[in-house]
Amino acid sequence: MSLIVQKFGGTSVGSVEKIQHAATRVIQEIQNGHQVVVVVSAMGKTTDDLIRLAAGITDSPNKRDMDMLLTTGEQMTISLLSMALQSKGCSSVSMTGWQAGIQTEAVHSKARITHIETARMKEELEKGKVVVVAGFQGMDENFEITTLGRGGSDTTAVALASALSAQRCDIFTDVDGVYTSDPRFIKGARKLEGISYDEMLELANLGAGVLHPRAVEYAKNHSLPLTVRSSIEEIEGTLIEEESKLEENLVVRGVAFEGDIVRMTVYGLENEVTGISAIFSVLADNHINVDIIIQSRTELNSTNLSFSIKEAELEETRSALLQNKERLGFSKIEHEAGLAKVSIVGSGMVSNPGVAAQMFEVLAEQEIAIKMISTSEIKVSTVVEMDKMIPAAQAVHDSFSLASLQPKPQLTN
Ligand code: ADP
Ligand code: ASP
Ligand code: MG
């Protein structure tokens, strides 16, 4: 019997009615003859509410306690969905992340899954039950409760799907698929029928919150078909797979953006060779994600290093660097907050050298200053002022005509 993993995000389980509706979507797949594992997020904005509760007590909550608090959100939903399934005559069992065997590294607030012990889930599935698992949570080797980072329920779902060799993983959410850009902010954003793992991974890493980046990474590594679809409407979603055959003539597939970016600059690095690697080792040891990196040499022959980080990691970054100032050998650090990243992604870029130039021209026409740039074969990222983020993304989206399907290139012979 084939197994399907379904995941319902916060808005899709935001009320008792929505939980009842999610239960009917699960039962449909049971009636189609599948076994089903369901992963759920906390109801509506519960996770944000819990964070606010903690903020009412302290500015710097202990990370272990924070994980303990936040995992309660998902625990509410698993019990309610399991009750809804049973009240509709469907046999089910609710499980926390640790009951489902999800083991993670020993890091609070953004742990990676290291292993999934599937025996208990398999036993329950064999008994004909739907297994309802709390997303976003796991347990480390010391039996400490951990979380996978905001939006991490997607990763739970994909990780379970690959551990259980599921036929596919469906991510049910409040949009009916992956769009060319966030439809909540960008006029003319258009639903994509398909997108490749690599493109989706870039979009997710560059701020497209529709999928957690690690979920895409997992799906890619295990060649797992992943769909993003509406939890309300019964229509086809977007399929994420190895090579997206659809619209393959598109050069740019999507525009992603992300606010609250900080540019950190380390001045006067004494040793260009060992200094740079030592800085990034310190940041990696502190689990700080660094994005765009720019190295420059001043006329006085000293080296400066700029990199972008998320504002939420500013204090950790500052203290990690300052604590190691002597060893790293730099003169001072400075940062500029209030920035945002706007990026274009598309696998067709590799063979189209004018794409980056077109993006920079559009931003120049809008008089939007570019503070940092990074490019790869399938993306171009720019850092701009935060208040220019949406206008920049809109202008770029318009410029590449993403609102309409582009005509197929004419074949010449
Ligand atoms: P869930 O609670 O179901 O996990 P999220 O809020 O995490 O839902 O993700 C869905 C949201 O992602 C959408 O409401 C949309 O605003 C946002 N989003 C950002 N970029 C995109 C995109 N390229 N395509 C679709 N949705 C996007
Ligand atoms: N509830 C968590 C969050 O809001 C995890 C998730 O929704 O995926 O980030
Ligand atoms: Mg999400």
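About the criteria used
- Residues numbered from 1 in each chain as written.
- Chains lettered and ligands numbered in written order.
- Predicted model: local features only at pLDDT ≥ 70, side-chain atom pairs only at ≥ 80, totals over all residues.
- Heavy atoms only, no water.
- Pairing = 2+ DSSP bridges.
- Helix = DSSP H or I, 4+ residues; strand = E, 2+ residues; numbered from the N terminus.
- Axes fitted to C-alpha atoms, helices over the stretch in contact; angles between N-to-C directions.
- Contact = heavy atoms within 4.5 Å.
- Buried < 20%, exposed > 50% of the residue type's maximum accessible area, 1.4 Å probe, protein only.
- Near = heavy atom within 4 Å.
- Polar contact = N/O pair within 3.5 Å; in protein donor to acceptor, adjacent residues only side chain to side chain.
- Areas by Shrake-Rupley, 256 points an atom, 1.4 Å probe, with all protein chains shown as cover.
- Nonpolar A, V, L, I, M, F, W, Y, C, P; charged D, E, K, R; others polar.
- Phe/Tyr/Trp six-rings, centres within 6.5 Å; stacked < 30°, edge-to-face > 60°.

## A short note on the sheet that holds strand E18 (residues 379-385)
Strand order in the open sheet made by the six strands is E14-E15-E13-E16-E18-E17, with antiparallel pairing throughout. Sheet topology places strand E14 (293-297) and strand E17 (372-376) at the edges, where each strand pairs with a single neighbour. Between one strand and the next, the sheet's axes are offset by a mean angle of 30°, whatever the strand orientation. The strands that helix H12 (residues 389-399) touches are strand E13 (254-269), strand E16 (332-345) and E18; relative to E13, the one it contacts most, it runs at about 120°.

## Some words on unusual backbone geometry
The bulk of non-glycine residues show a negative phi, and the bulk of peptide bonds are trans. Even without being glycine, His-287 reaches a positive phi, approximately 55°. Relative to the elements of secondary structure, His-287 occurs in the loop between helix H8 (272-285) and E14. Here His-287 falls in the partly exposed class, since its relative accessible area comes to 36%.

## Here we look at the site of ligand 1
Taken together, 17 residues sit near ligand 1, with Thr-173, Asp-174, Tyr-179, Asp-182 and Arg-184 positioned nearest. Contact distances for ligand 1 include 3.1 Å between an oxygen atom and a side-chain N or O atom of Lys-7. Take Arg-184: an N or O atom from its side chain is 2.8 Å from an oxygen atom of ligand 1. Relative to its free-state accessible area of 570 Å², ligand 1 is covered by the protein chains to the extent of 85%. Its residues assigned to classes, the shell around ligand 1 shows six nonpolar, seven polar and four charged.

## Details of the packing of aromatic side chains
What the rule picks out here adds up to three aromatic pairs. Judged by centre distance (4.8 Å) and plane angle (10°), the ring pair of Phe-8 and Phe-172 falls under stacked. Highlighted residues: Phe-8 in strand E1 (residues 3-8) and Phe-172 in strand E9 (residues 168-173), separated in sequence by 164 residues. Note on Phe-8: relative accessible area 1%, which makes it buried. For Phe-172, a relative accessible area of 2% gives the class buried.

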